Amino acid sequence: MSSHQVDLKLGELDAAMKKLRIAMKAPIVRTAGFRKTHDRAARSIAAATTTFESARPLFNTEPGQPRARRR
């Protein structure tokens with residue numbers, strides 16, 4: 001997976017989370033008790049996004065550029 005693909009996937013994930021935020025403003029969602037589940041999912045996705053962002057140099061596999069080493 002290249003760094004460009006990581007950028008695309010993170011952009012898609014960001015767009016999906018924005019749509020979910022808009023959908024969570026509906027009154028029925030607040031009364032049905034989905035808020036806690038949404039909050040846990042949003043935290044998990046934020047943690048995964050942060051992990052991918054910090055690991056971006058490891059995904060650089062384009063020819064001509066050496067892969068970043070772990071420290």
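Criteria and cut-off values
- Residues numbered from 1 in each chain as written.
- Predicted model: local features only at pLDDT ≥ 70, side-chain atom pairs only at ≥ 80, totals over all residues.
- Heavy atoms only, no water.
- Helix = DSSP H or I, 4+ residues; strand = E, 2+ residues; numbered from the N terminus.
- Buried < 20%, exposed > 50% of the residue type's maximum accessible area, 1.4 Å probe, protein only.
- Areas by Shrake-Rupley, 256 points an atom, 1.4 Å probe, with all protein chains shown as cover.
- Contact = heavy atoms within 4.5 Å.
- Expected span 1.5 Å × (residues − 1).
- Arc of directions from axis to C-beta.
- Salt bridge = Lys/Arg side-chain N within 4 Å of Asp/Glu carboxyl O.
- pLDDT = per-residue confidence, 0-100.
- Axes fitted to C-alpha atoms, helices over the stretch in contact; angles between N-to-C directions.
- Parallel < 35°, antiparallel > 145°, perpendicular 65-115°, else oblique.
- Left-handed = near helix turned anticlockwise from the far one by under 90°.
- Nonpolar A, V, L, I, M, F, W, Y, C, P; charged D, E, K, R; others polar.

1. Structural notes on the overall build of the protein chain
- Across its full length, the protein chain holds three helices and zero strands.
- Shown N-terminal to C-terminal, the secondary structure of the protein chain runs as helices and strands in the order α-α-α.
- Looking at the protein chain as a whole, 15% of its 71 residues are labelled buried.
- Summing over all exposed atoms, the protein chain offers an accessible surface of approximately 6,000 Å²; the carbon and sulfur share of this is 59%.

2. Re the side chain of His38
- On the secondary structure map, His38 appears in helix H3 (residues 35–54).
- By relative accessible area, which is 16% here, His38 ends up buried.
- Excluding its chain neighbours within four sequence positions, the residues that come into contact with His38 are Leu20 and Met24.

3. Topic: helix H1 (residues 3–23)
- Compared with the 30 Å implied by 1.5 Å per residue over 21 residues, the 30 Å span of H1 between its first and last C-alpha is a close match.
- What H1 keeps buried is the set Ser3, Val6 and Leu10. Taken around the axis of H1, the buried residues stretch over an arc of 50°, which confines them to a single face. Turned more than 90 degrees off the buried face of H1, the exposed positions are His4, Lys19 and Ile22.
- Here the buried face of H1 lies against H3.

4. Observations regarding the pattern of salt bridges
- Evaluation of the coordinates by the stated rule reveals two salt bridges.
- The partner of Lys18 in a salt bridge is Asp14, and the shortest N-O contact between them spans 3.5 Å. Placement of both Lys18 and Asp14 in helix H1 is noted, with a separation of four residues, approximately one turn of the helix.

5. Concerning the confidence of the model for the protein chain
- Chain-level pLDDT for the protein chain is 79 on average; 76% of the residues reach the 70-or-more range.
- Across the protein chain, H3 holds the top mean pLDDT of 88, while helix H2 (residues 27–32) sits lowest at 67.

6. Quick word on the packing of H1 against H3
- The contact between H1 and H3 brings their axes to 12 Å, and the two run at 160°. If you check the angle between H1 and H3, you find them roughly antiparallel. Between H1 and H3 the crossing geometry is left-handed. Side by side, H1 and H3 meet where Leu10, Leu13, Met17 and Leu20 of the first sit next to His38, Ala42, Ile45, Thr49, Phe52 and Glu53 of the second.
- Considered class by class, the residues forming the contact of H1 with H3 number seven nonpolar, two polar and one charged.

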